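Spelled out, the chains give:
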Amino acid sequence: MIKIDAPLAANDDAHLKKLCDRQPWPPHYALWQAAYAGYRSHNGNPWYIAPTAFVPDVSDQQTALYESQSSSQRIVMIRRMQLKSCPMCGSSVTGTVDHYLPKEEFPEFSLMAANLVPACSHCNSGKKGRTFRGATPNERFIHPYFDTLAGEPLWLTRIIPPYEAAQFEAAPLPGLSANHSELVTFHLRHVLGTQFDRNADNLWATYPQYLRDEVGGTAPVSPGRARKEVARSLRTSILTSGENSWNASFFRGLSEDGEARKYLARVARTLTATPLPL
Ligand SMILES: [Zn+2]
């Protein structure tokens, strides 16, 4: 979840106009242009935008256009945008393009830059699939181009005991409004998959050693020192990966969980050398 400046409307309009100069598109230009304008006036919100019915049905051809232009410069630029983490899910990788409104349901937006968001390969191929909204008007995905809240801290990772086999739960940040909380909950539930759990597992398993390395010596790591180190890890994660990255969410959760920190400090023992086999 990262707030990105929306692509220029004029560029999308110019691209559509050029496309519609060629057959078979001229008769569809006005309707298509209106669909683009509707998308922008509702910020891509699927609760206000209905798929446009073109007559005759040209949805297959519209979807095929995306395939044929996916290597064009305007799409490659989105794919290669320099970002600290995936703007949809917060993972550490980027490099693909995701359709905010899925092209299977909204083929008319399959080439609209405002609907093409940089994302990680997991987001592009994973759990979200053709889902684009839930059961209530707050249940939709956060739009990186139009939802300003994507620039604010939105979530944290809760650590569920027993700590020896901890589990992790993504949760909206306490203090968000009820509407935003519902939006974030829906978003998290549909973008995070098993990779998120593995990343949290890994951070949890390696953090005691990190603490030991930072603190040095053999004395127990004090709760105060552990709190300081977690606060520092959170700042570093925000700086390097963004407010809503997986790592920032993990350390935000840990910074609010004294019991979990105490456990990590307790297991941050000096490693004893493993005797070599004779
Ligand atoms: Zn992602």
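In what follows, the structure referred to is the one given above.
Worth saying up front: this structure is predicted, and the values here are computed from it rather than measured.

Reading the values: rules and limits
Residues numbered from 1 in each chain as written. Predicted model: local features only at pLDDT ≥ 70, side-chain atom pairs only at ≥ 80, totals over all residues. Heavy atoms only, no water. Helix = DSSP H or I, 4+ residues; strand = E, 2+ residues; numbered from the N terminus. 1 Å grid on protein atoms, 1.4 Å probe; cavity = no way out; pocket = protein on both sides within 12 Å on 5 of 7 lines; lining within 4 Å. Points joined across faces, edges and corners; volume = space filled by probe spheres on them. Nonpolar A, V, L, I, M, F, W, Y, C, P; charged D, E, K, R; others polar. Phe/Tyr/Trp six-rings, centres within 6.5 Å; stacked < 30°, edge-to-face > 60°. Buried < 20%, exposed > 50% of the residue type's maximum accessible area, 1.4 Å probe, protein only. Lys NZ or Arg CZ within 6 Å of the ring centre and 35° of its normal. Arc of directions from axis to C-beta. Contact = heavy atoms within 4.5 Å. Donors = N, O, S within 2.8 Å, 3.2 Å for Na, K, Ca; no water. Tetrahedral: all angles 85-135°; square planar, octahedral: opposite > 155°, others 65-115°.

Colleague: In this structure, what is going on with the environment of Pro24? I would like to understand it.
Modeller: Along the chain, the position of Pro24 falls in the loop between helix H1 (9-19) and helix H2 (29-41). On a C-alpha basis, the gap between Pro24 and Gly193 in space is 41 Å, while along the polypeptide they are 169 residues apart.

Colleague: Can you walk me through the layout of surface pockets in this structure?
Modeller: Over the atoms rolls a probe the size of a water molecule, and in doing so it shows where empty space is left. Roughly 280 Å³ of volume is contained in the largest pocket. Every residue along the wall of the largest pocket is listed here: Pro7, Leu8, Asn11, Asp12, His15, Arg74, Met77, Ile78, Met81, Ala113 and Tyr145. Among the elements of the structure, H1 and helix H4 (73-79) are those that each provide at least two residues to the lining of the largest pocket. When its residues are assigned to classes, the lining of the largest pocket shows seven nonpolar, two polar and two charged.

Colleague: Help me understand the packing of aromatic side chains in this model?
Modeller: How two aromatic rings sit relative to each other is set out by the distance from centre to centre and by the angle between their planes. Tallied over the full model, the rule gives 19 aromatic pairs. Aromatic pair Phe106 and Phe132: ring centres 5.3 Å apart, planes at 85°, arrangement edge-to-face. With a gap of 26 residues between them, Phe106 in the loop between strand S1 (96-99) and strand S2 (116-119) and Phe132 in the loop between helix H5 (121-125) and strand S3 (155-160) connect regions that are remote in the sequence. Residue classification places Phe106 among the buried positions, given a relative accessible area of 1%. The buried category is assigned to Phe132, whose relative accessible area is 17%. The structure contains a cluster of three or more aromatic residues connected by ring pairs, namely Tyr163, Phe168, Trp204, Tyr207, Tyr210, Phe250, Phe251 and Tyr263. Positioned over the ring face of Trp47 is Arg133, at 4.2 Å from the centre of the ring.

Colleague: Honestly, H1 in this entry has me stumped. Any pointers?
Modeller: Counting along an α-helix, one turn takes 3.6 residues, and residues three or four places apart therefore face a common direction. Taken together, the buried positions of H1 are Asp12, His15, Leu16 and Leu19. The buried residues of H1 occupy one face: seen down the axis, they fall within an arc of 95°. More than 90 degrees from the buried face of H1, the exposed residues found are Ala10 and Lys18. At its buried positions, H1 is contacted by H2, helix H3 (59-69) and H4.

Colleague: Is there a simple way to think about the coordination of the zinc ion in this case?
Modeller: The protein atoms that coordinate the zinc ion are Cys86 (SG), Cys89 (SG), Cys120 (SG) and Cys123 (SG), at distances spanning 2.3 Å. Seen from the zinc ion, its four donor atoms lie at angles of 102 to 115°, and the figure they make is tetrahedral. Counting residues between consecutive donors of the zinc ion along the chain gives the motif C-x2-C-x30-C-x2-C. Here Cys86, found in the loop between H4 and S1, pairs with Cys120, found in the loop between S2 and H5; they are 34 residues apart in sequence, far enough to count as distant. Judged by relative accessible area, Cys86 falls into the buried class, the value being 0%. Taking the relative accessible area as the measure of exposure, Cys120 reaches 1% and is therefore buried.

Treat this as a map of the structure, not an account of what it does.
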